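# Descriptive analysis of the structure
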Amino acid sequence: MKATVEISMYPFNHDFIPPIKSVIAGFNQYPNIDVITTATSTQLYGDYDEVMACVTKELKKSFEEFGFAVFVAKILGRDVREPFTKEEQA
């Protein structure tokens, strides 16, 4: 099963860029997960179990290293870059 996760981080830190960059760098360490970063969020694409394990591990690392932050995520049970099948469109 494939997954797409779109995630945004809101650190409670005056110097908010380092925590965000750290989480994105962590996501990019997973060779089987496609990572696309935009100005407002990061999208992860890949196998559901691998993507969710990545998110779990990297968020925990962020909390341990930088403290409190809010993460907002959308999780979809498919790779949204792939076209919908006729059955999915019905």
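Data block above holds the structure.
Residues numbered from 1 in each chain as written. Predicted model: local features only at pLDDT ≥ 70, side-chain atom pairs only at ≥ 80, totals over all residues. Heavy atoms only, no water.

### Quick notes on the overall build of the protein
Heads up, the condition is: In DSSP terms, a helix is any run of H or I states spanning at least four residues, a strand is any run of E spanning at least two, and both are numbered starting from the N terminus. Residue exposure (1.4 Å probe, protein chains only): buried if accessible area is under 20% of the type maximum, exposed if over 50%, otherwise partly exposed. Should any heavy atoms of two residues lie within 4.5 Å, those residues are considered in contact. Charge assignment in this entry is limited to Lys and Arg as positive and Asp and Glu as negative, and neither His nor the chain termini are counted. Positions of charges follow a simple convention, taking NZ of Lys, CZ of Arg, CG of Asp or CD of Glu.
The secondary structure content of the protein amounts to three helices and four strands. The helix and strand sequence of the protein, counted from the amino end, reads β-α-β-β-α-β-α. Considering only C-alpha atoms, the protein reaches an extent of 50 × 20 × 15 Å along its principal axes. The buried share among the 90 residues of the protein stands at 33%. Sequence-distant contacts, at least 24 apart, represent 68% of the contacts inside the protein between residues at least 6 apart. Put simply, the protein has 9 plus and 13 minus side-chain charges, and the middle of one group is 2 Å from the middle of the other.

### Observations concerning the layout of surface pockets
Where empty space is left in the structure can be found by rolling a water-sized probe over the atoms. Counted only if it meets this: Buried and open spaces are told apart on a 1 Å grid over the protein atoms alone, a cavity being a set of points where a 1.4 Å probe fits but cannot get out and a pocket being an open set with protein on both sides within 12 Å along at least five of seven lines. Residues with an atom within 4 Å of a point are the lining residues. Grid points are joined across faces, edges and corners, and a volume is the space filled by probe spheres set on the points. Classes in brief: Ala, Val, Leu, Ile, Met, Phe, Trp, Tyr, Cys and Pro nonpolar; Asp, Glu, Lys and Arg charged; the others, Gly included, polar.
The volume enclosed by the largest pocket comes to roughly 210 Å³. Lining the largest pocket are 15 residues, and of these S8, M9, I20, T40 and S41 sit closest to its centre. Only strand 1 (2–11) and helix 1 (17–27) provide two or more residues apiece to the lining of the largest pocket. In terms of residue class, the lining of the largest pocket is built from nine nonpolar, six polar and no charged.

### Details of the packing of aromatic side chains
Selection criterion: Ring pairs are drawn from Phe, Tyr and Trp, using the six-membered ring of Trp, whenever the two centres fall within 6.5 Å, and their geometry is named by plane angle: stacked under 30 degrees, edge-to-face over 60, tilted for the rest. Geometrically, a charge over a ring is one whose NZ (Lys) or CZ (Arg) sits within 6 Å of the ring centre while staying within 35 degrees of the ring normal.
Tallied over the entire structure, the rule returns two aromatic pairs. With a centroid separation of 4.8 Å and an interplanar angle of 45°, the aromatic rings of F12 and F68 are classed as tilted. Linking F12 in the loop between strand 1 and helix 1 with F68 in the loop between helix 2 (48–66) and strand 4 (69–76), this pair joins segments that are 56 residues apart in sequence. With relative accessibility at 56%, the residue F68 sits in the exposed group. For the ring pair F63 and F71, a centre distance of 5.5 Å and an interplane angle of 90° mean the geometry is edge-to-face. On the accessibility criterion, F63 (38% relative accessible area) is partly exposed. When the ring centre of Y45 is taken as origin, the NZ or CZ atom of R81, which lies over that ring, is 4.0 Å away.

### Thoughts on the pattern of salt bridges
Our working rule: Any carboxyl oxygen of Asp or Glu within 4 Å of a side-chain nitrogen of Lys or Arg constitutes a salt bridge here.
Per the stated rule, a full pass over the model turns up four salt bridges. K61 serves as the salt-bridge partner of E58, at 3.1 Å between the closest nitrogen and oxygen. With E58 and K61 both in helix 2 and three residues apart, the pair spans about one turn of that helix. The exposure class of E58 is buried, given its relative accessible area of 4%. Between D79 and R81 there is a salt bridge whose closest N-O contact spans 2.8 Å.

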